[in-house]
Amino acid sequence: MSFDEGELMGDLLRADLDALRAMAAAVRVEAETIAAIDPVDLIAKVGPAMPNSAIGTAAAGAGAPIAAALRELAERLTALSGVVEHGVKSYEEVDAALGSQLDSYMRGSP
């Protein structure tokens, strides 16, 4: 059984870049879906629909904070997607550079 350092290094550093790209795209779509949610008008209608109710009273001021939380969630998911996409690109660049260096090393050239 032979020991191939190139294969060992490749196995240690392998990542499923297609899966990461798919994840980033799916997270971005979910972020866009969340960003499109506008609960303010719907929640504002609860107050008048439930007069003299603790829920109605609470709903009267809940729309804007919920909308802000949804926007923040969407922004964080978009940022996560960007980080993953950047990571894939960086991984590809580092993998190519390491592969080139390893090939040179294995051939005995500088």
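All values reported here derive from a predicted model rather than from experimental measurement.

Side note on the environment of V27
With respect to the helices and strands, V27 occurs in helix α2 (residues 17-35). Those residues in contact with V27 that sit more than four places away from it in its chain are L77, L80 and S81.

Some remarks on the confidence of the model for the protein
Averaged over every residue, the pLDDT of the protein is 86; the share at 70 or more is 87%. When pLDDT is averaged over each element of the protein, α2 comes out on top at 96 and helix α1 (residues 5-13) at the bottom at 56.

A word on α2
Its 19 residues give α2 an end-to-end C-alpha distance of 27 Å, which sits within 8% of 27 Å, the value for a rise of 1.5 Å per residue. Taken together, the buried positions of α2 are L17, A24, V27, A31 and I34. Buried residues in α2, looked at end-on, bunch into an arc of 105°, giving them a common side. Across α2 from its buried face, at more than 90 degrees, point the exposed residues D18 and E32. Considering only its buried residues, α2 is in contact with α5 (63-107).

A few points about the nonpolar core
With six residues, the main nonpolar core is built from V27, A31, I34, L70, A74 and L77. Put simply, the parts of the chain that give this core at least two residues each are α2 and α5. Sequence-distant contacts of A74, defined by excluding residues within four places in its chain, comprise A31, I34 and A35.

Examining the pattern of salt bridges
With the rule as written, the count across this model stands at four salt bridges. Between D18 and R21 there is a salt bridge, and its shortest N-O distance comes to 3.2 Å. Placement of the pair is D18 and R21 together in helix α2, with a separation of three residues, close to one helical turn. Through salt bridges with shared partners, a single ionic network connects D18, R21 and E92.

Points about the environment of L70
Within the secondary structure layout, L70 lies in helix α5. Counting along the chain gives 33 residues from L70 to I37, while the straight-line C-alpha distance between them is 7.5 Å. Those residues in contact with L70, other than ones at most four positions away along the chain, are I34, I37 and P39.

Regarding the environment of A15
Tracing the backbone shows A15 in the loop between α1 and α2. Relative accessible area serves as the criterion here: at 30%, A15 is assigned to the partly exposed category. Through-space distance from the C-alpha of A15 to that of V88 is 8.9 Å; in sequence the pair is 73 residues apart.

Thresholds applied
Residues numbered from 1 in each chain as written. Predicted model: local features only at pLDDT ≥ 70, side-chain atom pairs only at ≥ 80, totals over all residues. Heavy atoms only, no water. Helix = DSSP H or I, 4+ residues; strand = E, 2+ residues; numbered from the N terminus. Contact = heavy atoms within 4.5 Å. pLDDT = per-residue confidence, 0-100. Expected span 1.5 Å × (residues − 1). Buried < 20%, exposed > 50% of the residue type's maximum accessible area, 1.4 Å probe, protein only. Arc of directions from axis to C-beta. Core = buried A, V, L, I, M, F, W, Y, C linked by side-chain atoms within 4.5 Å. Salt bridge = Lys/Arg side-chain N within 4 Å of Asp/Glu carboxyl O.

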